[in-house]
Amino acid sequence: MPTLFTIRGAEGHDLNGIQSIVQRDEAAYTQRFGEFSLAFLIEHASLAVTALDDERRVVGFASFVGHPRHEAVDPTDWNTTFQRKYNRPEITPASSLWLGLLAAEKGPDEADITQQLLRTAFFQLPEYDHVLLGVPSIASRLGSLAGLFEHVDPKATVPEWDNRAVYRCSRSKFVPKLVMRTARVEDHDDLLPIFAGNDDPSVREPYFFARLIENQDDANRSLVGTMGGTAYGMISLSTAFDLAHLQRAFFLERFGNLQNARGENAAFCVKVFALSEAHESRAIDFLLPAFEAFASKEYMLLTLPHEADPSTSLARYMTLVTPRPGTSFPNVLYVVHRRAASEALSVAAAAEAQRDDIERFVRQQLLPDGTSEETTTVSAFLDPIGQGSTTKTLAVTAGSDLVGVAVVECDVDSERLRNHFELEDFVNTALYQPSDYVLLTRLVISPHFDSRRLQLISELMRSTRTKVIFYKAQAGTPVPSIMQEFVRLQPRKAITYKPDEIGSMDHAYALYVLPSKLLFEPRSVVSSRIVVVGASDVGVSFLETMAFLPHRWYSPLTLVSPGGLPTLTADWPFIPSSHCYSPLELRQLALGDKLAVVDAKMLEVDRARKAVRLSNGHWISYDYLLITTGLQDQTASTLLGPDFDSVRGVHVLSNEQAQQRLHVALSSEFEAGADGHAVVVYGRTLTAYTALQGLIAAGVPPSQIVHVQPATGTAGCINDAAIDAKVGEYVQSLEGVRTFGNHTLASIEHADGLVSGVTLRDEVSKGKVNLQASIVITSDQTAVDPDTFRAVIQSCLVYDGKLVIDSAFRTNDTSIYAFGGLAKFSRRSANQANLLAFEHYNSRELGVELAGSFLRSAKQQALTETMLLANDDTLVHKFVAPKMQTGVLPGGLKYFHAHVPGVDTVKSGRSLVTTHNDDYVCIHIDNYGVIDAISYAGHAALETDNFVKLIGLNEKFANNMAARYDEGVIPDFVSFFRHAWSKALFHDRFPEFVNETRQQFLSLPSIQQLAKQAAQVVDLDGKIDADIKEKLLEHLHSQAIHLVQTRLVEYLKTNHSELPMYYIPDQQYVVPPPPRPESTKGARAKLVNRVDVPKAKPSDAAVPAAAKAPPAQAAASGSKPATPQSARTKPAAPPVAQASASASPRLDNAQTSTSVVPPIAADGDDVQVPTSAPASARSHTSVAASKPATPGRESKAATPAVSKPTTPAASKPATPVASKPSTPVASTPAASKPATPAASKPATPAASKPTTPAASRPESPAASQPSTRKSESTEAASKPATPAKSETPRTTARSASSSSASAAVAESPRRTVSEPASAAAAAEDSRPASAADGDFKVPAARPASGVASKPSTPRADGVQRSQPPTSSRMASSPRSAAESPRVAAASVATASPRG
């Protein structure tokens, strides 16, 4: 019996194992397959699979590509010359793949491994019948392929195929097709076991199959699929079904309402379909015989339960039909046309002779009735024909008929797309050339061929000779159905470089991408009816997470909300913002493309029917219901009843729709304060203040504005006494505005449906005040919406002040979930005591948690292991993202406040306040130096996306902010954080870099030992005596120092395209990657190998502080490092012809080089951000040498020019110079004993004369077999900084140890929150030092994750990147940042444990 191996998609970390197999017989593989690059064969393959043995060791690999790997053959039209040479019409691009490489470990199992790899390919690709192999000559040895491949005899001489031999492996050897015939009664015994697990009671009836087979006639047919005479599958077909019912339930107009030209039924349906599990990939064999059974019919229909997986049935080859809103049809409907089952698609550049056909086809499909945009729409398809430009029109044909038209743009700026979207989640950009990308701009395809999406995409790639297809989805534009096969890219949270970039709407589109390696990867269509009630931030975040799952397409997702999805684009800012989403982000997410949005309210929940009654009178069925309505002000509903919205003039500002209604009311002559009637604003909330400003901005006279402040309101709702007082002073200064303090709104008078006045009650004197009013705006205490409350109570869901949920966010009905402000944990849940009300946490983070719990509870595939939340009441949730609020206050003050999650009250610590040009900033730091709150009020726009990332950072990390503030050198925090040095803190990759560096730091044996020693001397408050800490830090191993230093420099190199203002030292560094995680699924983990970095000439640049300042240890808490999520800190990689994988590991000894460093920016200078960053940015290293680098060989470098050059340290090659902490700079608050400097003489500070960085040596051309080399050079300084006394950051309102930060990362699925290592500080104190000789050796790199598979974790963008790192420290100079002449590099240090 053959040995069974595990066959799965090839992943990046398989590369070393594959290489070891190939190297054992490299000459034979080269002769058989020609020259090849393993990295390219994984990244560019249509299908790449790996065989693993019982020990999870790589024992085999196969890569299948769409064209022959033969330079003389045109890959876009290889079949033309192939047919002239071999005359094999059954071999076409639609039926054949080419074998790029098949390698199996030598030994007794080699033949079994080879056969199982080929069998897997045929099983996964049921539409392909042949695997072809092109070898240099017929004399080539086939090795383990002999006997599996047969030689294809040539019929003619064709120059392109000279000296080439072609072999073919047919499907019949492994997964043969089923033979179809009419079912017979004797098939009953063969079919019975197939239906054994079916729960349908009709199937279990005695003699069900016998009756089905015997009752065949012209309207009912039954077919069986056989192999060797045995039936393994059955399909029963009928033309008897209720067509009118389907037409009422589904949008069938695209399919001619399933009628022919005479109005007759043109369809038949599948009554029963069953197929054995071993042959489930051959469902395609039933399609054509089914149509042959009904020769007069054009469509085949299939209905499935919502919970069924369509990927394992006929539905895989059919089109899902969109249901009509409010339909009660219990199943989903699939349809396929006869031609899609029998004809293959072909794509080629449109010819001039096809112009008329294309115009006719486009008009028929897009403009059947004609519109005013007809000329523009049609010309977009016609103009590129025959022009020879980068924009091309492609014709899609089936046989000789035109069935589709596509327009593509071949000149794609992939670097700009990479800078704005998470492209590298799925595409290793270092392994692609610009010509490998194409942008699909327009597509029209006949609905008859909609089910042939994969073949269409494959043909588009072949005809354009590309590997990656992009699609930009603009707002309001329908998305082509083939986007179901693409993956959506999360937008990146870009740095705001300049104030004038605030609110920019550049790249306001959704971006889809599909690389060739994901083309045939399984992607499930989930038809479960998921209904979300409420478009709160929690609900939007949940929908975002579900919409961006890479392996699943949820259809349909339904949102029920008055006003639909938020846009945040209103011009009337009456209500504040939670800052969870920006208008640009919502445009980039384009959630409306994936949702069915219903503008209505939920009035009733029928749990028995699993249906929701809406305010528009419709019922919507659900399989899962999620209630995320949040909380709204209930003053009006309390005074006027649940139908308060029927009274004109009463406004509750709960959403954008309410904001729009108020704007219309103010614009109305009747309600604009006519007849002296007032506009009353009731409440002491932030919304009340922003409403006041909105009224003033809308032109309401101050004399007609009344502000009523209840005694029980939220005092200090602005979260800062100074801002609150400033707003109060402004309101008082407005002539005519009346303010009633300590008054309660007792009643709202109305007549004939119009507001006429209000009655106020003085809570002190108990007197009453009557006022005439035409508009009343209420914004007081919030509660559950009355309609939602009644629906919950009437459906018998447990309610205890709020809707009660368990730790999995489920109500007492397991199909109904709830989260956000309207929900609370049950009293028996451990979370009840550990968490506050949900409104005190970041709503976007709550939505991610809800999605993770739902995916597990609903038995769906979870996003990551950290999101698999247990469904019991012992699990304690932990939320770490900052809570934010923004708005415009009276006086036009732009208000921003962010704080750590929890109740925002006065905390211990200190507040740092600056007031400059009437712009007020208050930064609060706790007792451990962690920034836990920021408040701003000013007339100038603030880079809020930048400032929120400071929450959780140690103030020392922000360029020693507290010390500089105490010295009086920070007159304004706004300008301070606009300096170039700070931009690395605001980069969206920074938290990831920090987390991984921390994990590596804590994994060092020396740090673990130091943590144990620190744990023995820590006091009850988590503090260590200063003298003891100093002695401990003296033993900080140089390996830890250099780890942090080199990781920082590599981070700057990797992201240089977006951080061009930093000087990158041209020294040799070795980056020790994190330990390999147990699970390597996903495409985010990347491999970091050794890199050669050219050194600067003596006069080129000053040595940065990053090479000098040792970090303080950050592990005294003894926390166990968590597995890093991904490795982003790789050196920059220019585009080259050959490169190694980064979504997959690089080949050993792959050499890379960095790009040239641009001139550094002066502190405070405007930063020029390139519009199109070089391809060397971010996380993928590319090949730079044609020969492997010699291990251990160092690059030559000279000492940087200084006034008194230091002497190179005479240490061993592998020993870093800075082995001990050294003397602190002037601004370091805590002093340490100065360490003996490695240099013989101190160097003169170079700040007085800034130097210019040297240009790096040019990149070397790539090699076919890349190798990387990374080395490190340490430097000695006369006065390097000693690690100052620092503190561990917090992730919650209370201080936590470094282990708490690590736990926060593991428990927060879409956030990276941990202690940062260090970013770039101002370089005014950087002193030149000499380069140490020798490379610093580090452990092997962590393997990267899958290349052939989509990452199982979609990044939910802003949530993950919006959460800032938790802490660190940054060495600084006593001078202000504004005085710094240049930003040269980073001073590196990490936060020590608490105290």
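Residues numbered from 1 in each chain as written. Predicted model: local features only at pLDDT ≥ 70, side-chain atom pairs only at ≥ 80, totals over all residues. Heavy atoms only, no water.

**Comments concerning the overall build of the chain**
Stage number 1. Looking only at helices and strands, the chain has 32 helices and 49 strands in total.
Stage number 2. Counting across all 1395 residues of the chain, residues that qualify as buried make up 61%.
Stage number 3. Long-range contacts, defined as pairs at least 24 residues apart, comprise 79% of the intrachain contacts of the chain with a sequence gap of at least 6.
Stage number 4. Of the accessible surface of the chain, which amounts to about 50500 Å², a share of 50% is contributed by carbon and sulfur atoms. (Helix = DSSP H or I, 4+ residues; strand = E, 2+ residues; numbered from the N terminus. Buried < 20%, exposed > 50% of the residue type's maximum accessible area, 1.4 Å probe, protein only. Contact = heavy atoms within 4.5 Å. Areas by Shrake-Rupley, 256 points an atom, 1.4 Å probe, with all protein chains shown as cover.)

**Details of the sheet that holds strand S46 (residues 919-925)**
Stage number 1. Read from one edge of the open sheet, five strands run S43-S44-S47-S46-S45, paired in antiparallel fashion. Each end of this open sheet is capped by a strand with a single partner; those strands are strand S43 (883-889) and strand S45 (910-916). Each strand of the sheet is rotated relative to its neighbour by a mean of 10°, with strand direction disregarded.
Stage number 2. Contacting S43 and strand S44 (893-899), helix H19 (residues 686-697) crosses the sheet at an angle of about 30° to S43. (Pairing = 2+ DSSP bridges. Axes fitted to C-alpha atoms, helices over the stretch in contact; angles between N-to-C directions.)

**A short note on the nonpolar core**
Stage number 1. Of all hydrophobic cores here, the largest spans 127 residues; its most connected members are Phe64, Phe149, Met300, Leu314 and Phe470.
Stage number 2. Leave out the neighbours within four places in its chain, and Met300 touches Leu237, Phe268, Val270, Leu287, Ala290, Phe291, Leu314, Met318, Tyr334, Val335 and Val336.
Stage number 3. Listed in part, the 60 residues of the second largest apolar core include Ile530, Ala791, Leu797 and Phe879. (Core = buried A, V, L, I, M, F, W, Y, C linked by side-chain atoms within 4.5 Å.)

**Focus on the environment of Thr76**
Stage number 1. With respect to the helices, strands and loops of the structure, Thr76 is situated in the loop between strand S3 (58-65) and helix H4 (78-86).
Stage number 2. Considering only alpha carbons, one finds Thr76 and Ser463, 387 residues apart in sequence, at a separation of 5.0 Å.
Stage number 3. Side-chain polar atoms of Thr76 contact the side chain of Asp74, separated by 2.9 Å. (Polar contact = N/O pair within 3.5 Å; in protein donor to acceptor, adjacent residues only side chain to side chain.)

**Some details on unusual backbone geometry**
Stage number 1. You will see that Leu258, though not glycine, has its phi angle at about 60°, which is positive.
Stage number 2. Structurally, Leu258 is set in the loop between helix H8 (243-249) and strand S11 (267-275).
Stage number 3. Residues other than glycine seldom take positive phi values, yet Lys766 does so here, at roughly 65°.
Stage number 4. With respect to the helices and strands, the residue Lys766 is situated in the loop between strand S37 (754-762) and strand S38 (768-778).
Stage number 5. We classify Lys766 as exposed; its relative accessible area is 53%.

**Side note on the packing of aromatic side chains**
Stage number 1. Summed over the entire model, instances satisfying the criterion amount to 38 aromatic pairs.
Stage number 2. Ring geometry for Phe819 versus Phe838: centroids 4.6 Å apart, planes at 75°, classification edge-to-face. Here Phe838 lies in the loop between helix H22 (830-834) and helix H23 (843-857) and Phe819 lies in the loop between strand S41 (816-818) and strand S42 (823-825), a separation of 19 residues in the sequence. Residues Phe819 and Phe838 agree in their burial class; the two are buried.
Stage number 3. Among the aromatic residues, ring-to-ring pairing joins Phe809, Phe819, Phe825, Phe838, Tyr841 and Phe879 into one connected group.
Stage number 4. In this arrangement the basic side chain of Lys594 is found over the ring face of Trp553, its NZ or CZ atom lying 4.4 Å from the centre.
Stage number 5. The cationic tip of Arg609 hangs over the ring face of Trp619; the distance from NZ or CZ to the ring centre is 4.5 Å. (Phe/Tyr/Trp six-rings, centres within 6.5 Å; stacked < 30°, edge-to-face > 60°. Lys NZ or Arg CZ within 6 Å of the ring centre and 35° of its normal.)

**Observations concerning the pairing of S3**
Stage number 1. A large share of S3 lies buried, amounting to eight of its eight residues.
Stage number 2. Sheet analysis places strand S2 (residues 47-52) next to S3, joined by six bridges and oriented antiparallel. By the bridge assignment for S3, Leu52 is matched with Val58.
Stage number 3. Adjacent in sequence and paired antiparallel, S2 and S3 are bridged by five residues, among which Arg56 carries a positive phi angle near 60°.

**Concerning H19**
Stage number 1. With 12 residues, H19 should reach 16 Å at 1.5 Å per residue; the first-to-last C-alpha distance of 17 Å fits that figure.
Stage number 2. With 10 of 12 residues buried, H19 lies mostly within the body of the structure.
Stage number 3. Just downstream of H19 lies Gly699, where phi reads positive at about 95°. (Expected span 1.5 Å × (residues − 1).)

**Thoughts on the environment of Phe268**
Stage number 1. Along the polypeptide, Phe268 turns up in strand S11.
Stage number 2. For Phe268, a relative accessible area of 0% corresponds to the buried category.
Stage number 3. Spatially, the C-alpha atoms of Phe268 and Glu298 are 8.3 Å apart, while their sequence positions differ by 30 residues.
Stage number 4. Leaving out residues up to four positions away in the same chain, Phe268 has contacts with Leu237, Ser238, Thr239, Phe241, Ala290, Phe291, Phe294, Lys297, Tyr299, Met300 and Leu301.

**Quick notes on the side chain of Thr545**
Stage number 1. Relative to the elements of secondary structure, Thr545 occurs in helix H15 (residues 537-547).
Stage number 2. Classification of Thr545 by relative accessible area gives buried; the value is 1%.
Stage number 3. Looking at Thr545, its side chain comes within polar contact range of the main-chain oxygen of Ser541, at 2.9 Å.

**Digging into the sheet that holds strand S6 (residues 150-151)**
Stage number 1. Spatially, the seven strands line up as an open sheet ordered S1-S2-S3-S4-S5-S7-S6, and their pairing is mixed. Across the chains shown, the open sheet's two edge strands, defined by having one partner strand only, are strand S1 (6-9) and S6.
Stage number 2. Two elements, strand S4 (residues 96-104) and strand S5 (residues 130-135), share three bridges in a ladder whose sense is parallel. Paired with Ser96 across the strands is His130, a residue of S5.

**Focus: the packing of helix H27 (residues 990-1003) against helix H30 (residues 1038-1054)**
Stage number 1. Across the interface, H27 lies against H30 with an axial gap of 10 Å and an inter-helix angle of 160°. Judged on the interaxial angle alone, H30 and H27 are roughly antiparallel. Judged by the sense of rotation from one axis to the other, the crossing of H27 with H30 is right-handed. Only Ala1040, Leu1043, Val1044, Arg1047, Leu1048 and Tyr1051 of H30 make contact with H27, whose side of the interface consists of Phe990, Phe993, Glu996, Thr997, Gln1000 and Phe1001.
Stage number 2. A class-by-class count of the residues in the contact of H27 with H30 yields eight nonpolar, two polar and two charged. (Parallel < 35°, antiparallel > 145°, perpendicular 65-115°, else oblique. Left-handed = near helix turned anticlockwise from the far one by under 90°. Nonpolar A, V, L, I, M, F, W, Y, C, P; charged D, E, K, R; others polar.)

**Re the pattern of salt bridges**
Where charged atoms of side chains with opposite charge meet at close range, the side chains can pair.
Stage number 1. Under the counting rule described, the total for this entry stands at 55 salt bridges.
Stage number 2. For Asp53, the salt bridge is made with Arg57, and the minimal N-O distance between the two is 3.0 Å.
Stage number 3. Of the residues examined, Asp53 reaches a relative accessible area of 13% and is grouped as buried.
Stage number 4. Residue Arg57 is classed as partly exposed on the basis of its relative accessible area, which comes to 37%. (Salt bridge = Lys/Arg side-chain N within 4 Å of Asp/Glu carboxyl O.)

**Considerations on the environment of Arg978**
Stage number 1. With respect to the secondary-structure elements, Arg978 resides in the loop between helix H26 (973-976) and H27.
Stage number 2. Its relative accessible area of 27% is what places Arg978 among the partly exposed residues.
Stage number 3. Spatially, the C-alpha atoms of Arg978 and Lys498 are 7.6 Å apart, while their sequence positions differ by 480 residues.
Stage number 4. Here Arg978 is in contact with Pro499, Ala941, Glu943 and Lys983, once residues within four sequence places are set aside.

**A short note on H4**
Stage number 1. All buried positions along H4 are accounted for by Trp78, Asn79, Thr81, Phe82, Lys85 and Tyr86. All buried residues of H4 fall inside an arc of 165° around its axis, so they share one side.
Stage number 2. Contacts from the buried residues of H4 go to S4, S5 and strand S7 (165-170).
Stage number 3. A positive phi of about 55° marks Asn87, the residue just after H4. (Arc of directions from axis to C-beta.)

**Some words on the side chain of Lys824**
Stage number 1. Tracing the sequence through the fold places Lys824 in strand S42.
Stage number 2. Exposure remark for Lys824: the relative accessible area of 17% places this residue in the buried category.
Stage number 3. At a separation of 3.3 Å, a polar atom in the side chain of Lys824 contacts the main-chain carbonyl oxygen of Asp800.

**Examining the confidence of the model for the chain**
Stage number 1. Taken residue by residue, the chain gives an average pLDDT of 75. The fraction at 70 or more is 72%.
Stage number 2. The low-confidence segment residues 669-673, where pLDDT is below 50, has 12 contacts with residues more than four positions distant or belonging to other chains.
Stage number 3. Counted against residues more than four places away or in other chains, residues 860-871, with its pLDDT under 50, gives 44 contacts. (pLDDT = per-residue confidence, 0-100.)

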